[in-house]
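Working through the structure, step by step
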Amino acid sequence: MISALELDRARIDKLFSLSDKFKRGAVKPLDRSSSVALAFFEPSTRTFSSFEMAAMKLGLSVTSMRSDKDSSMAKGETFADTVRMLSGYADLIVIRSRFDGSARFASEVSGKAIINAGDGQNEHPTQALIDMYTIKEHFGKADNLTYAIVADLRHSRTTNSLLYMLNNFRPKAVHIISPPQLKPLEQVTSRLKYECEWSDSLAGVPGDVDVLYVNRLQKERFQDEMEYNSVKGSYYIDIRVAERMPDDSIILDPLPRVDELDRAIDGTDKAKYFVQAANGVPIRQAIMYNLLSERQ
Amino acid sequence: MISALELDRARIDKLFSLSDKFKRGAVKPLDRSSSVALAFFEPSTRTFSSFEMAAMKLGLSVTSMRSDKDSSMAKGETFADTVRMLSGYADLIVIRSRFDGSARFASEVSGKAIINAGDGQNEHPTQALIDMYTIKEHFGKADNLTYAIVADLRHSRTTNSLLYMLNNFRPKAVHIISPPQLKPLEQVTSRLKYECEWSDSLAGVPGDVDVLYVNRLQKERFQDEMEYNSVKGSYYIDIRVAERMPDDSIILDPLPRVDELDRAIDGTDKAKYFVQAANGVPIRQAIMYNLLSERQ
Amino acid sequence: MISALELDRARIDKLFSLSDKFKRGAVKPLDRSSSVALAFFEPSTRTFSSFEMAAMKLGLSVTSMRSDKDSSMAKGETFADTVRMLSGYADLIVIRSRFDGSARFASEVSGKAIINAGDGQNEHPTQALIDMYTIKEHFGKADNLTYAIVADLRHSRTTNSLLYMLNNFRPKAVHIISPPQLKPLEQVTSRLKYECEWSDSLAGVPGDVDVLYVNRLQKERFQDEMEYNSVKGSYYIDIRVAERMPDDSIILDPLPRVDELDRAIDGTDKAKYFVQAANGVPIRQAIMYNLLSERQ
């Protein structure tokens, strides 16, 4: 589970159906002889906690490191050696890293299954599965919907994986709303099987939008705080934006949110971002269960 | 489980009886589908470890964060959003925070059961349950006893919860021994159903004391180190204080101890502070088990 | 499990045979009422992770602290009080500390079983068990072999415990290769039941070596970086050193490796250091299982 590009529809459907079963409590836990190492070299709350909880609910034996400081890399060990070591301890390794390509590199030096839990600005495929699963739960389908993605798409592993994932779902339309300097990279868009329409303002959210996907702009991506502050306001989703959206449409945000989303939206039916967060546990149960079953 | 003020005698007796059962190994573990998030935003050893151990012994699925740094609050996420996220992952959330009222606030934004594991200078109700349970184990009862509490009662969540807890146990007498500036707040004493007698010296420990409850004075509460050093000595419990106490009386300390308690006391029958610490596990098993059962 | 000096051959054979069984999955997990506290007051990856994984696979209830910062020692609590507290929570305490003798001291204040997971520059007995177990797996025996140990033996708890462990295995020969200032201490060699031959260069690795045991030189042990750099090169194990070794011989390294071992060796049959690392889990399962069984 390195890249959303490698997932096909059959695999995705299988994972969604497994996730449904985990939500209903309809899967027997594995036994303690199956094991996972959570190797988080970059801080994380949501991804770490939901993987940890998912592993515990699966009944797995778990060991974890939560930052560079927990690892021997502080003593000068290479990443490859750390991965090889963990491969001796666990059947499955979940890797989070600030470096693009870490998960792929880990899969090359390890004989064990690797899950990419976010590598630099590259990909975050398990998040994209959570996103699509939440969409499918709500609409009863994930095909043929209209998306608007309001985000820094240039530096976001989350939206990269989401865009790749959509290759499997024939979207009706995908609208990208971002400042010009934060459009997705050509190396990303060139891999998409559908067209994206870009706009630099919220006016680009179409009237028939089904899914409004929002992600925070990160201050550190801008030249100075003034530029950030001026841009930030233009992409702020306030309650009026939400009210203009169709009745059955939804708003997603991979969270944490900072300044991008009006808290007044929380109480509305359109707010699905906490449901989306909660889906992290069953989807990650499904992913780990599926990989461990394949290996047996 | 937000405040000791909300616990009535029936609930307390129920928890004590459950704790007895856990000590005897007479309760079947829950299954891994029940889950808890340990959300510690302030460092803690004893409280964290005993909650973690209790959760593991209960057979729960556990995820934990041990400091602000483990959480997305470092990225600017609000406390409310963090709690909502954890509410999607776990059936039960244990919260430790440096801010008064955090646990109550969490209970307002979460649909899940919240346990206050210490919030600022406000309350620490599970510690007070451990204290009373240890007392009841020793005396066979917790009613009608004479207490002397030697501590900084102005800034201590531990003694606040203990004082509230005593509302349920008709104490024979409660003596408070502290420097004048460290007496309990009026907002605390006004909620007590019994009288407290205050004294500013250890001479105020009555001859018939049953329970001497000691807590360290915290250096940072004093204007300067000189004032701290002069005061500290006057409240030091040395072996002679212990020897003057009645035969069957006991000394408690929520620990960690620093300068408040003579190590020579450790070997005596009166020293119950390590027994008290060990009771953290079964009491916290009882609390979590009880809350999870209520929810089912 | 405080010192390798206290292990006799019967105990070692018992642990090896248990470890074999754990590798085959032929031991039933213990139940959650058995518990362990992992008290790591010094950073560790390998030792921590393999103990955590071993404890999880055994089915134990686990609580852990990973650094001084997780403990109340930051608030001024003594090490003895911390150990007494943990003794109230767990049946077994695994201690890692930067201070020589911590594990022995802990065993004096605790009524529970203590495992030394590395104390300062003193000992690391569970690592030595892993080392010998890996040797025995490879050769089918651990007696009557020729060893060459290339390391800083003056400051290494790992090699101290290995040298003590070899007392039980009648080695054919033990060659020590180190700069003169990094020879083992007299207090260590005086306890050995066999002779060691010292050499200050890799030329001292004998032609019939069976086990080449390598450990990194630590920069901070040298007067300045220049001295370190000049010495380092002389003890570097490159692929040619490995090629000169007998066909069936092996190379071990407790890891992490930094500058001591040519990565070109990794692909050869002689490289057993990742197998050695992986053996950390079953050996530590065996050690904990054995101690918990004895106590019951």
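Residues numbered from 1 in each chain as written. Chains lettered and ligands numbered in written order. Predicted model: local features only at pLDDT ≥ 70, side-chain atom pairs only at ≥ 80, totals over all residues. Heavy atoms only, no water.

1. Concerning the interface of chain A and chain B
For an interface, size is often stated in terms of accessible area lost upon the parts coming together. Facing 24 residues of chain A, the contacting portion of chain B comprises 24 residues. Regarding the contact of chain A and chain B, the summed buried area is about 2,100 Å², with carbon and sulfur atoms giving 50% of it. A per-residue breakdown of the area chain A buries against chain B is headed by Thr 45, Met 53 and Met 56 of chain A, which together make up 27% of the total. Our count for the contact surface shared by chain A and chain B stands at four salt bridges. Note that Asp 266 of chain A is salt-bridged to Arg 84 of chain B, the shortest N-O span being 3.9 Å. At the boundary of chain A with chain B, the tally comes to nine residue pairs in polar contact (both at pLDDT 80 or more). (Contact = heavy atoms within 4.5 Å. Buried area = accessible area lost by both parts, 1.4 Å probe. Salt bridge = Lys/Arg side-chain N within 4 Å of Asp/Glu carboxyl O. Polar contact = N/O pair within 3.5 Å; in protein donor to acceptor, adjacent residues only side chain to side chain.)

2. Structural notes on the side chain of Ser 161 of chain C
By the element assignment, Ser 161 of chain C lies in helix 6 (residues 157–166). Among residues more than four places away in sequence, those in contact with Ser 161 of chain C are Ala 4, Glu 123, His 124, Pro 125 and Ala 128 of chain C. (Helix = DSSP H or I, 4+ residues; strand = E, 2+ residues; numbered from the N terminus.)

3. Details of the interface of chain C and chain A
Listed per partner, the contact involves 25 residues of chain C and 24 residues of chain A. Contact between chain C and chain A buries roughly 2,200 Å² in total, counting both sides, with carbon and sulfur atoms accounting for 51%. Area buried by chain C at its contact with chain A is led by Thr 45, Met 53 and Met 56 of chain C, which between them contribute 27% of it. The tally of links between chain C and chain A comes to four salt bridges. Its salt-bridge partner being Arg 46 of chain C, residue Glu 77 of chain A comes within 2.7 Å of it at the nearest N-O pair. Scanning the region where chain C abuts chain A turns up nine residue pairs in polar contact (both at pLDDT 80 or more). Elements represented by at least two residues in the side of chain C that touches chain A include exactly helix 2 (46–58) and helix 10 (273–278) of chain C. Looking at the side of chain C that touches chain A, the element that brings in the most residues is helix 2 of chain C, giving seven residues. Here the side of chain C that touches chain A is built from residues that sort into ten nonpolar, five polar and ten charged. (Nonpolar A, V, L, I, M, F, W, Y, C, P; charged D, E, K, R; others polar.)

4. Side note on the domain arrangement of chain A
Residue and element names in this part refer to chain A. For chain A, the domain assignment lists domain 1 (4–123 + 280–295) and domain 2 (125–277). Put simply, the middle of domain 1 and the middle of domain 2, counted by C-alpha atoms, are 25 Å apart. Contacts between domain 1 and domain 2 engage 29 residues on the former and 29 residues on the latter. Carbon and sulfur atoms make up 58% of the surface buried where domain 1 meets domain 2, a total of about 2,400 Å² over both sides. (Domains from an automatic or database assignment.)

5. Digging into the relation of the copies chain C and chain A
The pair of chain copies shares a relation made of a rotation about an axis and a shift along it. For the pair chain C and chain A, the superposition axis carries a translation of 0.0 Å, the fit reaches an RMSD of 0.0 Å, and the rotation angle comes to 120°. Both copies of the chain, as the preceding transformation shows, are related through a three-fold rotation axis. (Least-squares fit on C-alpha atoms with pLDDT ≥ 70 in both.)

6. Considerations on the sheet that holds strand 1 (residues 35–40) of chain B
Residues and elements named next belong to chain B. A sheet is described by the order of its strands in space; here four strands give the open sequence 2-1-3-4, paired in parallel fashion. Two strands in the sheet have a free side with no partner beyond their single neighbour: strand 2 (61–65) and strand 4 (113–119). Pairwise comparison of adjacent strand axes, ignoring direction, gives a mean angle of 15° for this sheet. Alignment of strand 3 (residues 92–97) against strand 4, held across five bridges, turns out to be parallel. Bridge pairing in strand 4 places Ile 95 opposite Asn 116. (Pairing = 2+ DSSP bridges. Axes fitted to C-alpha atoms, helices over the stretch in contact; angles between N-to-C directions.)

7. Things to note about the pattern of salt bridges
Scanning the model with the defined rule gives 45 salt bridges over all chains in all. Note that Arg 104 of chain C is salt-bridged to Glu 6 of chain C, the shortest N-O span being 3.0 Å. Taken together, the residues span a long stretch of sequence, with Arg 104 of chain C in helix 4 (residues 102–109) and Glu 6 of chain C in the segment before helix 1 (9–24) at a distance of 98 residues. Using a relative accessible area of 37% as the deciding quantity, one classes Arg 104 of chain C as partly exposed. Exposure remark for Glu 6 of chain C: the relative accessible area of 47% places this residue in the partly exposed category. With a closest N to O distance of 2.4 Å, Arg 240 of chain C and Asp 238 of chain C form a salt bridge. What emerges from the salt-bridge pattern is a single network uniting Asp 81 and Arg 84 of chain A together with Arg 257, Arg 263 and Asp 266 of chain C. (Buried < 20%, exposed > 50% of the residue type's maximum accessible area, 1.4 Å probe, protein only.)

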